[in-house]
Every structure is written in structure tokens, then in C-alpha cells.
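# Residue-level structure breakdown
Here's the letter readout for the chains.
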Amino acid sequence: MRLFKHRGDIYIPSTKLKSDLEQKILFAGLAFILVFTIVFIAIFGIKYDFSPKNFFKPNNLEIVVEDNSKTLPNVRGKHNFLFVMNNKNTDEIYVCSLIQVDLDDLSYTVCTIDDETEIDGNKISDIYKKGSAGNVLNAVSSLFGIEIDYFINQNTKEYRDLFDYMGNINYVVSKDIRYKDNSYYGFNIKVKSGNQKIDGDLSSKLMRYYLTEKRYDLVDELILTALLQQINPENYERRERIFSRLIDNSITNITIKDYNEADDEIRVLSDETTGAAIYSVSPVYDGNKITSASINEIKGYFEK
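Below or above, wherever it landed, is the structure these notes cover. Owing to the predicted nature of the structure, the values given are computational and were not obtained by experimental measurement.

### Looking at the nonpolar core
- Grouped together as the largest cluster of nonpolar side chains are 48 residues, with contacts concentrated most on Val95, Tyr171, Ile177, Ile189, Leu206, Met207 and Tyr210.
- Per-element tally for this core: the top contributor is helix 7 (residues 216-230), with eight residues.
- Apart from the residues within four sequence positions on either side, Val95 is in contact with Phe83, Val84, Met85, Met207, Leu211 and Val219.
- Counting residues in hydrophobic clusters, the runner-up holds 25 residues, among them Cys111, Ile124, Val136 and Ile290.

### Regarding the packing of aromatic side chains
- Scanning all chains against the criterion turns up nine aromatic pairs.
- When the centroid spacing of 4.4 Å and the interplanar angle of 10 degrees are considered together, the rings of Phe243 and Tyr259 count as stacked. Placement of the pair is Phe243 in helix 9 (residues 239-248) and Tyr259 in helix 10 (residues 256-261), with a sequence separation of 16 residues.
- Positioned above the aromatic ring of Tyr236 is the side chain of Arg239, whose terminal nitrogen or guanidinium carbon lies 3.9 Å from the ring centre.

### Thoughts on unusual backbone geometry
- Unlike most non-glycine residues, Leu106 shows phi in positive territory, near 50 degrees.
- Even without a glycine there, the phi angle at Lys214 is positive, about 60 degrees.
- Within the fold, Lys214 resides in the loop between helix 6 (200-212) and helix 7.

### A short note on the environment of Phe151
- With respect to the secondary-structure elements, Phe151 resides in strand 6 (residues 150-155).
- By relative accessible area, Phe151 is classed as buried at 13%.
- Separated by 100 residues in the primary sequence, Phe151 and Ile251 have C-alpha atoms spaced 8.0 Å apart.
- With near-sequence residues (within four places) excluded, Phe151 lies in contact with Leu82, Ala133, Gly134, Leu137, Ile251, Thr252 and Asn253.

### So, the layout of surface pockets
- Empty space within the largest pocket amounts to approximately 1,200 Å³.
- In terms of lining residues, the largest pocket is bounded by 38 residues, among which Phe81, Ile152, Leu227, Ile231 and Leu246 are the most central.
- When residues in the lining of the largest pocket are grouped by element, the largest group, five residues, is from helix 7.
- Of the residues in the lining of the largest pocket, the class split is 27 nonpolar, seven polar and four charged.
- Empty space within the second largest pocket amounts to approximately 300 Å³.
- Taken together, 17 residues make up the lining of the second largest pocket; nearest its centre are Glu92, Ile93, Tyr94, Asp115 and Thr212.
- Within the residue set of the lining of the second largest pocket, elements represented by two or more residues are strand 2 (93-102) and helix 6.
- Of all the elements, strand 2 adds the most residues to the lining of the second largest pocket, at four residues.

Scoring rules and cut-offs
Residues numbered from 1 in each chain as written. Predicted model: local features only at pLDDT ≥ 70, side-chain atom pairs only at ≥ 80, totals over all residues. Heavy atoms only, no water. Core = buried A, V, L, I, M, F, W, Y, C linked by side-chain atoms within 4.5 Å. Buried < 20%, exposed > 50% of the residue type's maximum accessible area, 1.4 Å probe, protein only. Helix = DSSP H or I, 4+ residues; strand = E, 2+ residues; numbered from the N terminus. Contact = heavy atoms within 4.5 Å. Phe/Tyr/Trp six-rings, centres within 6.5 Å; stacked < 30°, edge-to-face > 60°. Lys NZ or Arg CZ within 6 Å of the ring centre and 35° of its normal. 1 Å grid on protein atoms, 1.4 Å probe; cavity = no way out; pocket = protein on both sides within 12 Å on 5 of 7 lines; lining within 4 Å. Points joined across faces, edges and corners; volume = space filled by probe spheres on them. Nonpolar A, V, L, I, M, F, W, Y, C, P; charged D, E, K, R; others polar.

Any functional reading would require information beyond the geometric quantities listed.
Listed below in C-alpha cells is the structure:
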């Protein structure tokens, strides 16, 4: 042990030179290990991922990227329909409407015409009684100079049953309605204004009432509302049963072949992302005849 006489004395151990040599050797060894490690990581890191994320990842882990996008078929073309609703006992026409399904622009267009409309001197109601909905199709097609592909003819009961099977719709009634038709096959209707749940029975009565008021536009509106709401994903899943009911409960020239070929079109129109546009065009009359200007306007909507 060394006792310092003065505060500034310095003690130098006899082994200082030996300690310096050992430190240099140690530092040199550490430097070599550090350089070797850096070179090793640089060379093998190119081929292997030494990141902590990859190091702790289980060997059997699979990364699945869920694709939520849905590709719909590419569909094109336009189809014109004639819809006729009649009294099954008297063959009196209640509703006669042109409906276009436009797959090019994804839209629906409806034009309801009066059953008293004269075509070449004959009223539509008389043409129907003497023939059928097929005869009305030919007459209306000739009047407007358009191609009508299909017709669907239902009596009021058949219409109500199919409508109810496809489901009620939400429809805004513009005013309070209270009306009674006292004819032998008349009807009563009482409904409040505002948003209403509409079933097949009320739908048929509303259309008949609107036609007594010559409100062809409101018949169009009701049909368009049903098209938008009833052609939906749920009904697409049971489309075969709906088509079977249509065939059993109507007179139509739509065939099974037509139905099968239209499956992609039905799928697109039923998809909740489609968002079809809607259009309505109402006839203008001079007596029982549609004016030339109105005929040309309607033709413009239904030409293909």
C-alpha cells in the first residue's frame, strides 16, 4: 500500500505496460468480430430476411388478402315489354304500359297509355277483346314504330299474387285517397298520403284509381318503384321460382330459353350496387288519339 505525502502525488503501477498490451489485443479482437459481423449480415442479408418481424413469424403462417370487389357480367342491349292487366271475367283492360329495360345505360322507362286509345280506328280495349295481348302488342308497336319484344298479360288476381310473392314495396302516396267504384266489378280504395307499404291488392287499386284521374305519370311511378325494389338480390336467389309463377299466372311470350339467356342481365339488375336510373313519358291526347308530337316523343324513349 502506498501512502501519499502530498495531494499531487501520482501512483504509477509497475504493471501498466502489460495492461496496455492486453487492452490493445482485446480491442483488436472486438474490432475483428464487429467487422466480420457487418460483412456477414451484408452478404447473407441479401438472400435472407433477418428482420425481427420475419424472425418471429410462424413457419406455417399464410397471408390471405381478401378481395371484396365483385365483378358483374358485361351486359348490353335493350328490351321492350308490354304489360297488360285485365279483369278476368270481362276481359276489360285496366292497365296497358310499355316498359323498357335498357342494359346499355342501366335504366327503366315506363309509358302507360289509356285503354281507350285509338289505333287505326280501333280502341285498344276492343283490340284486346277481339284478340289478345299479342294483338295489342302489334297495334302499339305499329303506332309508335318501335319493336316490342315481349308481352305479359295478367288478370288482377294473378298480378296481386305475383306482386305479393316478390314482396311489398315502399311508395309515397301524394295525397289522401278515398274512392269507390260502384260498377259491378268496381273497387274501393282508402289510403293516407305519405310513405306507405304497398301490397299487390293496393297496387292494383292505385293504378286503376290513377287511370280514372288520367294520371298516367303516377301509374308509371308506381311501376318504376316496384321494378327498383322488387328486382333485388333476394329475389335473384329465387328467380327460378318467380319465373315459374310468372309462367303459371300470366299469358306471355317469354320462353324458358329467353329466361335462361337473360340470367346475366337479371343478375346485374338485381345487384344492390347497380342503381338503375328511371324515366317516365306520358302520352298527350287529342280526343282518343295520341298526338303526332307525343308519338314521336314516346318513340324516342323506346327506340333501340
